[in-house]
Amino acid sequence: NHDYNQAFISSATSNKELTRWQRRSLENTLITGPPQNLDLIAFRDPFVWSDKDGWKAVIGAGIREYGGAMLQYSSSDLETWKYDGVAAKRSSEELAGAWTAKIWECPQLLCVDDVWVLFISVCDDPPNREESHLQYIAYTIGEYDGIEFTPGNWFQYSFGKVVYATTSFKDSDGKQNLLSWMRETDNVAPE
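Residues numbered from 1 in each chain as written. Predicted model: local features only at pLDDT ≥ 70, side-chain atom pairs only at ≥ 80, totals over all residues. Heavy atoms only, no water.

**Observations concerning the nonpolar core**
Operational definition: Each nonpolar core is a collection of buried residues, namely Ala, Val, Leu, Ile, Met, Phe, Trp, Tyr and Cys, held together in the definition by side-chain atoms within 4.5 Å. Relative accessible area decides the class of each residue, using a 1.4 Å probe on protein chains only: under 20% of the type maximum gives buried, over 50% gives exposed, and in between gives partly exposed. Helix and strand definitions follow DSSP, with helices as H or I runs of at least four residues and strands as E runs of at least two, each counted in order from the N terminus. A contact between two residues is defined here by any heavy atoms of the two lying within 4.5 Å.
Judged by nonpolar contacts, the single largest core of 23 residues is most densely connected at Met70, Leu109, Leu118 and Phe149. Tallying contributions element by element places strand 8 (residues 115-123) first for this core, with six residues. Not counting residues within four places of it along the chain, the set of residues in contact with phenylalanine 149 comprises Met70, Ala87, Ala88, Leu109, Trp116, Leu118, Thr140, Ile141, Gly142, Glu143 and Tyr144.

**Regarding unusual backbone geometry**
With phi around 65°, glutamate 65 is a residue other than glycine that occupies positive phi space. The phi dihedral of leucine 78 falls on the positive side, at around 70°, and the residue is not glycine.

**Quick look at the packing of aromatic side chains**
The criterion, for reference: Two rings from Phe, Tyr or Trp (for Trp, the six-membered ring) form a pair when their centres are within 6.5 Å of each other. A pair whose planes differ by under 30 degrees is stacked, one over 60 is edge-to-face, and the rest are tilted.
Within this structure, the stated rule accounts for 10 aromatic pairs. Ring geometry for tyrosine 73 and tyrosine 83: centres 5.2 Å apart, planes at 50°, overall tilted. Of this pair, tyrosine 73 sits in strand 5 (residues 67-75) while tyrosine 83 sits in strand 6 (residues 82-91), and the two are 10 residues apart along the sequence. For tyrosine 73, a relative accessible area of 4% gives the class buried. Taken together through their ring pairs, the aromatic side chains of Phe47, Trp49, Trp116 and Tyr144 make up a single cluster.

**Notes on the sheet that holds strand 10 (residues 149-156)**
Our working definition: One bridge is not enough; two strands pair if DSSP finds at least two bridges between them. Lines fitted to the C-alpha atoms define the axes, with helices restricted to the stretch that makes contact. Angles between their N-to-C directions range from 0 to 180 degrees.
Reading across from one edge, 7-8-9-10 is the order of the four strands in this open sheet, with antiparallel pairing throughout. This sheet does not close on itself; its edge strands, each paired only once, are strand 7 (103-112) and strand 10. Here the strands of the sheet are splayed against their neighbours by 25° on average, with no regard to which way each runs. Sheet analysis places strand 8 next to strand 9 (residues 134-144), joined by seven bridges and oriented antiparallel. Bridging across to strand 9, phenylalanine 119 finds its partner in tyrosine 139.

**Some remarks on the pattern of salt bridges**
Cut-off, in case you're wondering: Salt bridge criterion: a side-chain nitrogen from Lys or Arg within 4 Å of a carboxyl oxygen from Asp or Glu.
If you walk through the whole model with that rule in mind, you get eight salt bridges. A salt bridge links arginine 24 to glutamate 79; its shortest N-O distance comes to 2.5 Å. Of this pair, arginine 24 sits in the loop between strand 2 (21-23) and strand 3 (40-51) while glutamate 79 sits in the loop between strand 5 and strand 6, placing them 55 residues apart in sequence. With a relative accessible area of 17%, arginine 24 lands in the buried category. Between arginine 90 and glutamate 94 there is a salt bridge, and its shortest N-O distance comes to 3.5 Å. Where salt bridges share partners, they join Arg44, Asp45 and Glu105 into one cluster.

**So, the side chain of arginine 90**
Selection criterion: A 3.5 Å cut-off defines polar contacts: any pair of N or O atoms within that distance qualifies, except that in protein one atom must be a possible hydrogen donor and the other a possible acceptor, and neighbouring residues in sequence count only when both atoms are side-chain atoms.
Examined against the element boundaries, arginine 90 turns out to sit in strand 6. Among the polar contacts listed, one links the side chain of arginine 90 to the backbone oxygen of alanine 96, at a separation of 2.8 Å. At 2.5 Å, the side chain of arginine 90 and the backbone oxygen of alanine 98 are in polar contact.

**Considerations on the sheet that holds strand 5**
As summarised here, the arrangement of the four strands in space is 3-4-5-6, forming an open sheet in which the pairing is antiparallel. Of all the strands in the sheet, just strand 3 and strand 6 have a single pairing partner and so form its edges. Taken over all neighbouring pairs, the strand axes of this sheet differ in orientation by 20° on average, direction set aside. Relative to strand 6, strand 5 runs antiparallel, the two being bridged by eight bridges.

**With respect to the pairing of strand 4 (residues 54-63)**
For strand 4, the buried fraction is high: nine of the 10 residues fall into the buried class. Pairing geometry for strand 3 and strand 4, over nine bridges, is antiparallel. In the sheet register, valine 48 faces strand 4, and the bridge partner there is alanine 57. Linking strand 3 to strand 4, which pair antiparallel, is a turn of two residues.

**Some thoughts on the environment of valine 162**
When you line up the elements, valine 162 lands in the loop between strand 10 and strand 11 (163-170). Considered as a pair, valine 162 and threonine 185 are 23 residues apart in the sequence and their alpha carbons are 7.2 Å apart. Discounting chain neighbours no more than four positions away, the residues touching valine 162 are Trp181, Met182, Arg183 and Thr185.

Keep in mind these numbers describe shape, not what the thing actually does.
Listed below in structure tokens is the structure:
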């Protein structure tokens, strides 16, 4: 129903060729919705990775009347998930370095050469109906204790509204890669 604070987290399996996918039934979702103790305006875009204790997932969020946040969950089997808490957040009023707005989409929490880096897609209310609420990608280097991430200074990773929704993966050599949307602007091509 496009209510970003009512999302659920599910999974899908594919055939060997990755050409057909089957999502879990809605009655059997992994995370049935956001934690009830937070007044969220968004809950979306899980990022999952393995660690020494099993699995971690961070989910983008926006806390009403505050700003963007990243929530963390943990699992030993990828089936049963426990809410660990708010792993990081920042007021939408803070402007130092890079503004991070009201909602953090597509959080990517990466450890590269023993350094923790958080990438987020910055989402806010559009100034008017002609402009997108999707802003740019921001990042910060910080400290992560397995539950909470403490950000350092914030920076813009992309400039302008073309590059958005960065996701990460490791290639066959184990090197970290980033992949982003590139949105068309002023497209006058016929549909």
